[in-house]
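# Architecture at a glance
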Protein chains: 2
Amino acid sequence: MPKLSEAAKQERQERILAGARRCFARFGYEGATVARLEAEIGISRGAIFNWFPSKEALFLELASQENTRLLELIVAEGYEGFVHAVAKEDADWLAVYLEFGRRLRASAELRERWLRLAPPEVQERTRRWIVEAQERGELRADLEPDEIGKFLGVVFDGMVTQRALGFEAPPPDLVVALVRDALGGQSAPRAT
Amino acid sequence: MPKLSEAAKQERQERILAGARRCFARFGYEGATVARLEAEIGISRGAIFNWFPSKEALFLELASQENTRLLELIVAEGYEGFVHAVAKEDADWLAVYLEFGRRLRASAELRERWLRLAPPEVQERTRRWIVEAQERGELRADLEPDEIGKFLGVVFDGMVTQRALGFEAPPPDLVVALVRDALGGQSAPRAT
């Protein structure tokens, strides 16, 4: 195999990941066979698995990128950004998460990895965002940052599940307003 | 087949449903084959399907009973009761819901039926409970009852999903306190 420049390597990896995402969204996690991955990505299995050792590794890399993106969205735009992002996300792709959930359920080791999908510095940045929003009075200060994170997690997972199952999730503006009433500090006026 | 009294009929149906629930929780929805249902229930397939036309009908009847029970819990104890019930529910059984979700996703007709699982009078009683709690000042009056129901649905589905995937959902008391802050009326003091 000829040596690839760094830029070409990255381009190749991105092409593989973009194709894998389309394939997962179209056929589901189990349905995304190696033959279908090859067809959608347009690269042979040998070349695909040269970069990612398995289908699971491909999916986890996609989930890691998405997780990172969503956490960075929280830092940049607050939970409003996150709620709106989930409301706009492709439902077919969200359904892959639920399908993959069977594997999480079956393996404590995989659940541990799942909780650490985003790089530690991104997780730390999100935690710091919560602490600073508490200091600014935008998030209530009488809860631990971790408690705030857990409640947000429940709301996000609820929206993801409803959309993944094909139901209409409530309008994002309603969810944002009620989360603000639950988690907002003194400077966050109650939604009307 | 000998004629059964009404009591015997009901006893038979309850036995079938209880065995089916154990079988679903143990093997998952897809894994609950007819042979396993027979073994767990202790009744032949002919006799089982005499009462319930299909595996799907069996599961929908179980889901309908559970849905009805949870809605009645809301009427009796408020969303506190519901949140605590989900926190205590067998995670193996909750996982069957997520697995069944693939079918919901694939069929708009099934999603419609799913939304009407509980009898209309139970759904109406739940709606009336929301309206009356608004009148008593326990739930905020500046939202439509339907908006309150939808937000509760997101929180419940988030808890169900986290537990079904094997993660630890946040403590129910935390969820209840934050839902109260989001949805409580004037007479609901903010949690501290």
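Note: the structure precedes this text.
Conventions and cut-offs
Residues numbered from 1 in each chain as written. Chains lettered and ligands numbered in written order. Predicted model: local features only at pLDDT ≥ 70, side-chain atom pairs only at ≥ 80, totals over all residues. Heavy atoms only, no water. Helix = DSSP H or I, 4+ residues; strand = E, 2+ residues; numbered from the N terminus. Buried < 20%, exposed > 50% of the residue type's maximum accessible area, 1.4 Å probe, protein only. Contact = heavy atoms within 4.5 Å. Areas by Shrake-Rupley, 256 points an atom, 1.4 Å probe, with all protein chains shown as cover. Lys, Arg positive; Asp, Glu negative; His and termini not counted. Charge placed at Lys NZ, Arg CZ, Asp CG, Glu CD. Least-squares fit on C-alpha atoms with pLDDT ≥ 70 in both. Buried area = accessible area lost by both parts, 1.4 Å probe. Salt bridge = Lys/Arg side-chain N within 4 Å of Asp/Glu carboxyl O. Polar contact = N/O pair within 3.5 Å; in protein donor to acceptor, adjacent residues only side chain to side chain. Nonpolar A, V, L, I, M, F, W, Y, C, P; charged D, E, K, R; others polar. Core = buried A, V, L, I, M, F, W, Y, C linked by side-chain atoms within 4.5 Å. Expected span 1.5 Å × (residues − 1). Phe/Tyr/Trp six-rings, centres within 6.5 Å; stacked < 30°, edge-to-face > 60°. Lys NZ or Arg CZ within 6 Å of the ring centre and 35° of its normal.

### Remarks on the overall build of chain A
When you go through chain A residue by residue, the secondary structure sums to 10 helices and 0 strands. When the helices and strands of chain A are listed from N to C terminus, the series reads α-α-α-α-α-α-α-α-α-α. Along the three orthogonal principal directions, the C-alpha set of chain A runs to about 60 × 35 × 30 Å. Expressed as a percentage of its 192 residues, the buried residues of chain A come to 50%. Of the contacts formed within chain A by residues at least 6 apart in sequence, a portion of 66% connects residues at least 24 apart. Counting every atom, chain A has about 9,500 Å² of accessible surface; 50% of that belongs to carbon and sulfur. Once the 27 positive and 31 negative side-chain charges of chain A are each reduced to a mean point, those two points are 6 Å apart.

### A closer look at the relation of the copies chain A and chain B
One copy of the chain maps onto the second through a rotation around an axis plus a translation along that axis. Overlaying chain A with chain B gives an RMSD of 0.0 Å, the required rotation being 180° about an axis along which the chain moves by 0.0 Å. Expressed as a symmetry operation, the mapping of one chain copy onto the other fits a two-fold axis. Considering only C-alpha atoms, the part of chain A nearest the rotation axis is G158 of chain A, at 1.8 Å. An overlap of 100% is found between the interface residues of chain A and their copies at the interface of chain B, pointing to a shared contact surface.

### Side note on the interface of chain A and chain B
On the side of chain B, 41 residues touch chain A, which itself brings 41 residues to the contact. Summed over both partners, the interface of chain A with chain B buries about 3,500 Å², with 65% contributed by carbon and sulfur atoms. For the pair chain A and chain B, the number of links is 4 salt bridges. The shortest N-O distance in the salt bridge between D92 of chain A and R105 of chain B comes to 2.2 Å. Applying the counting criterion to the chain A and chain B interface returns 15 residue pairs in polar contact (both at pLDDT 80 or more). At 13 residues, the largest contribution of residues to the side of chain A that touches chain B is made by helix 9 (residues 145-164) of chain A. Along the lines of polarity and charge, the residues of the side of chain A that touches chain B split into 22 nonpolar, 8 polar and 11 charged.

### Remarks on the nonpolar core
Judged by nonpolar contacts, the single largest core of 122 residues is most densely connected at F59, W114 and L183 of chain A together with F59, W114 and L183 of chain B. If sequence neighbours within four positions are ignored, W114 of chain A has contacts with F59, L60, A63, Y97, F100 and L104 of chain A together with F167 of chain B.

### Thoughts on helix 4 (residues 55-77) of chain B
Counted at 1.5 Å a residue, the expected span for helix 4 of chain B with its 23 residues is 33 Å, and the 33 Å between its end C-alpha atoms agrees. After helix 4 of chain B finishes, the residue G78 of chain B shows a positive phi value of roughly 80°.

### Let's talk about the packing of aromatic side chains
Counting across every chain of the model gives 24 aromatic pairs over all chains. For the ring pair F59 of chain B and W93 of chain B, a centre distance of 5.7 Å and an interplane angle of 55° mean the geometry is tilted. With a gap of 34 residues between them, F59 of chain B in helix 4 and W93 of chain B in helix 6 (residues 91-106) connect regions that are remote in the sequence. Relative accessible area serves as the criterion here: at 0%, F59 of chain B is assigned to the buried category. W93 of chain B gets classed as buried once you look at its relative accessible area, which sits at 0%. Within the aromatic cluster, the residues linked to one another by ring pairs are F24, Y29, F59, W93, Y97, F100 and W114 of chain A. The ring of F27 of chain A carries the charged tip of R36 of chain A above its face, separated from the ring centre by 4.1 Å. Here the basic side chain of K55 of chain B rests over the ring of Y29 of chain B, its NZ or CZ set 4.7 Å away from the ring centre.

### Digging into the side chain of E99 of chain B
Within the fold, E99 of chain B resides in helix 6. Of the side chains with opposite charge, R102 of chain A lies nearest to the buried E99 of chain B, which makes no salt bridge, at 4.7 Å. At 2.7 Å, the side chain of E99 of chain B forms a polar contact with the backbone nitrogen of Y29 of chain B. Discounting chain neighbours no more than four positions away, the residues touching E99 of chain B are G28, Y29 and E30 of chain B.

### Focus: the environment of V96 of chain A
Residues and elements named next belong to chain A. Here V96 lies in helix 6 (residues 91-106). Residue V96 is classed as buried on the basis of its relative accessible area, which comes to 1%. Separated by 73 residues in the primary sequence, V96 and A169 place their C-alpha atoms 17 Å from one another.

These values are about where atoms sit, not about what they do.
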